[in-house]
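Remarks on the overall topology
Take a look at the letters that make up each chain.
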Amino acid sequence: MEKKIYTETIYNEEIIRPTRVEVDLQKIKQNYYEIKKYIGNTKIMPILKANAYGHGLIRIAKLMEELNADYIGVAVLEEGILLRQNGIQLPILVLGGIWGNQIPLFLKYDLTITASSIIKLKQIDEVASNLKTKAKVHLKIDTGMERIGVHYYNSETFFQESLKCKNIIVEGVYSHFANSESVDLTFPKLQLERFNESILFYEKHSIEIPIRHISNSGAILQLPEANFDLVRPGLLLYGVYPSDEINKNIKVEPALSWKSLVVYFKVIKKESTVGYGMKWKAEKNIRAVTIPVGYGDGYFRSMSHKAEVIINKKRYPVIGTISMDQIVVNIENDSAYNGDEVILIGKDGEASLTVENLAEWAGTIPYEILTNINTRVPRVYV
Ligand SMILES: *Cc1c(COP(=O)(O)O)cnc(C)c1O
């Protein structure tokens, strides 16, 4: 019997939570085509790790299949298995490498393996041999990220060893940039040079060159000479730029809105305090509404006393410490009614709140805002 390995939101169409994420699939499609237009004939591997950066792994994978993407990239084995269990047939590369006795599962679900050392290469070869199959592998070269991969200065031996593994198909060879989102491209260029030197191996020995790839969103925008055979866009596909300062010559738009509803209205009297720790005190009588979202959904507690939301096209401050499941919003003398829409990320008329705004309030980066909206928040596709 197959064990259930990975769970998604408890989701019921009829009683959907007031707090939800809306994903505009048309936007993701447009972003995809904008990237495609920019990279020309280069292949594309959309990165769908961490629940597709919060947008919902399975639905986004289905969209990528409709769009005929060349490959899908995920971080961990379980994400790959979940995609296969949901009928996704595109090739899938697991970027995070292997651990323990995972290799048979990679082979069972036809997932491409990242080999990041000679020892791992040999383990993969042995398991594949025992199971009388061949393993599809991408070799990972470390050109300066110092996470996983064989150092560029040891890559020759790594490549040599890979040729001896008879049960391995070396389909790709890749590396990863450490700061391609910076305007200073000195280090990315050095990494690129190291990668280029490593893979000269194939030319030198007249061996067919595997699929070469190194570029994430930052490099796609700023270093077209690093495109090689395939690029790996993550954040950019979802319509967010990896940094403010970056060259924005691919026009993308955010696909995700985070919304909720007013579920409670009251007047808070002068001198009353709001929330845990009693950190916010009313200097006069105010009107306030309560919204059912909190840090338990990924609405960072560190945004307390900074965050704002949009109600009826206007921005209002969140007051008091952000709780696990609820926030309180000061609407001063304005009106808002139960059932009015509240926007946490998104636009209403002229008013807008971006992932970047939340990242600044929380003292983090857009990536973390998106990937922290957890599975308790239902995803709705529009
Ligand atoms: C996450 C990741 C990407 C995508 O990065 P973005 O900056 O979101 O484009 C590409 N490659 C690897 C190896 C990654 O881990």
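Not measured: the values here are computed from a predicted model.

Looking at helix 8 (residues 186-204)
Residues spaced three or four apart along an α-helix face the same direction, because each turn holds 3.6 residues. Here helix 8 spans 27 Å end to end across 19 residues, near enough to the 27 Å set by a 1.5 Å rise per residue. Along helix 8, the positions that sit buried rather than exposed are Pro188, Gln191, Leu192, Arg194, Phe195, Ser198, Ile199, Phe201 and Tyr202. As for helix 8, its buried residues are in contact with strand 6 (135-142), helix 7 (155-164), strand 8 (168-174) and strand 9 (211-213).

A closer look at the site of the ligand
Around the ligand, 13 residues are found, and the nearest of them are Lys49, Tyr53, Ser217, Arg232 and Tyr367. Between the ligand and tyrosine 367 there is a distance of 2.6 Å, counted from an oxygen atom to a side-chain nitrogen or oxygen. With the chains in place, 92% of the 390 Å² that the ligand exposes on its own is no longer accessible. Of the residues contributing to the shell around the ligand, the split by class is 6 nonpolar, 4 polar and 3 charged.

Focus: the domain arrangement of the protein
Domain parsing of the protein yields domain 1 (25-238) and domain 2 (256-381). Facing the 10 residues of domain 1 at the interface are 7 residues of domain 2. At the boundary of domain 1 with domain 2, total buried surface from both sides reaches about 870 Å², with 71% on carbon and sulfur atoms. Interface area lost by domain 1 to domain 2 is led by Tyr53, His55 and Leu235, which between them contribute 49%. Of all elements in the fold, only helix 2 (49-53) and helix 3 (57-66) reach the threshold of two or more residues within the side of domain 1 that touches domain 2. The element contributing the most residues to the side of domain 1 that touches domain 2 is helix 2, with 3 residues. Looking at the side of domain 1 that touches domain 2 residue by residue, the class counts come to 5 nonpolar, 4 polar and 1 charged.

Topic: the UniProt feature "modified residue: N6-(pyridoxal phosphate)lysine" (unreviewed entry) in the protein
On the UniProt side, "modified residue: N6-(pyridoxal phosphate)lysine" (unreviewed entry) is annotated at positions that read Lys49 here. Take lysine 49: it is sitting in helix 2. With residues near it in sequence (within four places) discarded, lysine 49 still touches Gly73, Val74, Ala75 and Glu79.

Details of the packing of aromatic side chains
Counted by the stated rule, this structure contains 10 aromatic pairs. Both rings, one in tryptophan 258 and one in tyrosine 299, keep their centres 5.7 Å apart while their planes meet at 75°; by these two values the pair is edge-to-face. Note that tryptophan 258 is positioned in strand 11 (residues 256-261) and tyrosine 299 in the loop between strand 15 (286-291) and strand 16 (308-311), a separation of 41 residues in sequence. Judged on exposure class, the residue tryptophan 258 and its partner tyrosine 299 are both buried. Connected via pairs of aromatic rings, a cluster forms that spans Phe158, Phe159, Phe201 and Tyr202.

Things to note about the pattern of salt bridges
Counted under the stated rule, the structure contains 19 salt bridges. Across the salt bridge formed by arginine 17 and aspartate 297, the nearest N and O atoms sit 2.7 Å from each other. One end of the pair, arginine 17, is in the segment before strand 1 (20-23); the other, aspartate 297, is in the loop between strand 15 and strand 16, with 280 residues separating them in the sequence. Taking relative accessible area as the criterion, arginine 17 reaches 22% and is therefore assigned partly exposed. Notably, a salt bridge pairs aspartate 229 with arginine 212, separated by 2.9 Å at the nearest N-O pair. A residue pair is termed long-range when its members are at least 10 positions apart, and aspartate 229 in the loop between helix 9 (217-222) and strand 10 (230-231) and arginine 212 in strand 9 qualify at 17 residues. With relative accessibility at 23%, the residue arginine 212 sits in the partly exposed group. Several salt bridges share partner residues, and in doing so they unite Arg17, Asp297, Asp325 and Arg376 into one network.

Overview of the nonpolar core
Core analysis: the largest hydrophobic core is formed by 117 residues, its most contacted members being Leu48, Met64, Tyr299, Ile311, Ile327 and Val329. For this core, the element with the highest residue contribution is helix 3, accounting for 6 residues. Mapped onto the domain boundaries, this core takes at least three residues apiece from domain 1 (25-238) and domain 2 (256-381). Setting aside residues up to four positions removed in sequence, methionine 64 forms contacts with Ile28, Tyr32, Pro46, Leu48, Ala69, Leu90 and Leu237. Grouped together as the second largest cluster of nonpolar side chains are 7 residues, Ile268, Ile286, Ala288 and Ile319 included.

Thresholds applied
Residues numbered from 1 in each chain as written. Predicted model: local features only at pLDDT ≥ 70, side-chain atom pairs only at ≥ 80, totals over all residues. Heavy atoms only, no water. Helix = DSSP H or I, 4+ residues; strand = E, 2+ residues; numbered from the N terminus. Expected span 1.5 Å × (residues − 1). Buried < 20%, exposed > 50% of the residue type's maximum accessible area, 1.4 Å probe, protein only. Contact = heavy atoms within 4.5 Å. Near = heavy atom within 4 Å. Polar contact = N/O pair within 3.5 Å; in protein donor to acceptor, adjacent residues only side chain to side chain. Areas by Shrake-Rupley, 256 points an atom, 1.4 Å probe, with all protein chains shown as cover. Nonpolar A, V, L, I, M, F, W, Y, C, P; charged D, E, K, R; others polar. Domains from an automatic or database assignment. Buried area = accessible area lost by both parts, 1.4 Å probe. UniProt positions renumbered as here; feature names shortened; annotations may be inferred. Phe/Tyr/Trp six-rings, centres within 6.5 Å; stacked < 30°, edge-to-face > 60°. Salt bridge = Lys/Arg side-chain N within 4 Å of Asp/Glu carboxyl O. Core = buried A, V, L, I, M, F, W, Y, C linked by side-chain atoms within 4.5 Å.

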